[in-house]
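The lines below spell out each chain.
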Amino acid sequence: MNFAARVAGKPVSIKEIDEREATLRAGNRASALPRPGTSEGRQLRRWLTQLVVAERVIDDEAMARGLSGVGAPTLAEVLPDTAARLEIGSVAAAALGSSPARAVFADVTAAVDVSDADVADYHARNPLRFAASPAGSHGWRTPPVAPSLNEVHDRILGHLRAAARRRAFRQWLDERCAALVELAPGYEHPGDPRQPDNTHKH
């Protein structure tokens with residue numbers, strides 16, 4: 001078997017995974033990577049396979065939707081911080097590095113929104129989330145004062161909408177990959193409990 005996976009019946013060659021790994025190991029973070037041939041090294045190859053198949057699924061979707069990436073949101077708009085990257089997952093975060101992928105993200109999640117009730121509920125539970133802490137005399141900051149809902153409504157709305165869109169995209173990507181991807185033995189999902197290198201036990 002000379003393929004690591006199939007996406008909609010089209011093979012992903014082992015050579016492509018080899019090349020991705022070689023590129024990664026030639027980069028400036030090579031010293032942080034596990035040694036090849038170890039359990040952790042095989043898990044890295046499984047993760048790279050997940051990334052490649054996710055990119056294929058997204059590229060096919062971009063083509064099907066006629067999206068080129070022109071006018072796509074920036075990476076900083078989609079994934080503004082570490083929390084957002086953790087929330088969406090490492091594979092999806094890495095796959096969103098290309099503008100066509102972010103165009104798919106925007107198209108897939110265009111209808112996702114949150115209600116005013118969601119905004120009010122969030123503010124009630126997190127009254128100081130967007131509170132300012134103004135500077136007082138002698139450089140000391142004064143205790144933050146909870147702003148009114150009207151003052152921070154739009155910021156909360158943007159925050160919640162962005163999080164909801166990331167969740168929706170991850171769910172969409174997981175479902176599309178489950179429907180279209182076939183993984184070869186040795187290239188299973190890193191978290192698959194049936195593969196021998198999965199160390200996450202309950």
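Predicted model, so just to flag it, every value in this text is computed and none were measured.

## Topic: the nonpolar core
With 34 residues, the main nonpolar core has I58, I88, L96, F169 and L173 as its most contacted residues. When contributions to this core are tallied by element, the ones reaching two or more residues are β1 (3–7), α2 (39–65), α4 (82–88), α5 (90–95), α6 (99–108) and α8 (149–180). It is α2 that contributes the most residues to this core, nine residues altogether. In this view, L96 contacts L75, V78, L79, I88, A101, R102, F105 and F169; residues no more than four positions away in its chain are not counted.

## Quick word on the packing of α2 against α8
Relative placement of two packed helices is described by the angle separating their axes and the distance separating the axes. Interaxial distance between α2 and α8 falls to 10 Å at its minimum, and their mutual angle equals 100°. As far as their axial angle goes, α8 and α2 are roughly perpendicular. Only F169, W172, L173, R176, C177 and L180 of α8 make contact with α2, whose side of the interface consists of A54, V57, I58, E61 and R65.

## As for the sheet that holds strand β3 (residues 181–183)
The sheet built from three strands is open, its strands ordered β2-β1-β3 with antiparallel pairing. Of all strands in the sheet, those bounded by a partner on one side alone are β2 (10–13) and β3. Recorded for the sheet is a direction-independent mean angle of 25° between the axes of neighbouring strands. Relative to β3, β1 runs antiparallel, the two being bridged by three bridges.

## Regarding the layout of surface pockets
Take a probe with the size of a water molecule and roll it over the atoms, and the empty space left behind shows itself. Its volume calculated, the largest pocket comes out at about 370 Å³. Looking at the lining of the largest pocket, the elements with two or more residues in it are α2, α5, α8 and β3. In terms of residue class, the lining of the largest pocket is made up of 12 nonpolar, four polar and two charged. Size it by volume and the second largest pocket reaches roughly 270 Å³. If you go around the second largest pocket, the residues you meet are R20, T23, L24, G27, N28, R29, L33, W47, L48, L51 and A94. Of all elements in the fold, only α1 (14–25) and α2 reach the threshold of two or more residues within the lining of the second largest pocket.

## As for the packing of α1 against α2
The geometry of α1 relative to α2 is characterised by a closest axis approach of 10 Å and an angle of 110° between their N-to-C directions. In terms of orientation, α1 and α2 fall into the roughly perpendicular class. Judged by the sense of rotation from one axis to the other, the crossing of α1 with α2 is right-handed. Residue-level inspection shows I14, E16, I17, D18, R20, E21, L24 and R25 of α1 in contact with α2, the latter providing L44, R45, L48, T49, L51, V52, E55 and R56. Of the residues that constitute the contact of α1 with α2, the class distribution is seven nonpolar, one polar and eight charged.

## Points about the packing of aromatic side chains
Centre distance and the angle of the planes are the two values used to describe a pair of aromatic rings. Counted according to the given criterion, the structure contains two aromatic pairs. Summarising the aromatic geometry, the rings of F105 and F169 are spaced 5.2 Å apart at their centres and angled 50° between planes, so their arrangement reads as tilted. Separated by 64 residues along the polypeptide, F105 in helix α6 and F169 in helix α8 bring together distant segments of the chain. No difference in accessibility class separates F105 from F169, as the two residues are buried. Grouping aromatic residues by their ring pairs yields a cluster made of F105, F169 and W172.

Cut-offs applied
Residues numbered from 1 in each chain as written. Predicted model: local features only at pLDDT ≥ 70, side-chain atom pairs only at ≥ 80, totals over all residues. Heavy atoms only, no water. Core = buried A, V, L, I, M, F, W, Y, C linked by side-chain atoms within 4.5 Å. Buried < 20%, exposed > 50% of the residue type's maximum accessible area, 1.4 Å probe, protein only. Helix = DSSP H or I, 4+ residues; strand = E, 2+ residues; numbered from the N terminus. Contact = heavy atoms within 4.5 Å. Axes fitted to C-alpha atoms, helices over the stretch in contact; angles between N-to-C directions. Parallel < 35°, antiparallel > 145°, perpendicular 65-115°, else oblique. Pairing = 2+ DSSP bridges. 1 Å grid on protein atoms, 1.4 Å probe; cavity = no way out; pocket = protein on both sides within 12 Å on 5 of 7 lines; lining within 4 Å. Points joined across faces, edges and corners; volume = space filled by probe spheres on them. Nonpolar A, V, L, I, M, F, W, Y, C, P; charged D, E, K, R; others polar. Left-handed = near helix turned anticlockwise from the far one by under 90°. Phe/Tyr/Trp six-rings, centres within 6.5 Å; stacked < 30°, edge-to-face > 60°.

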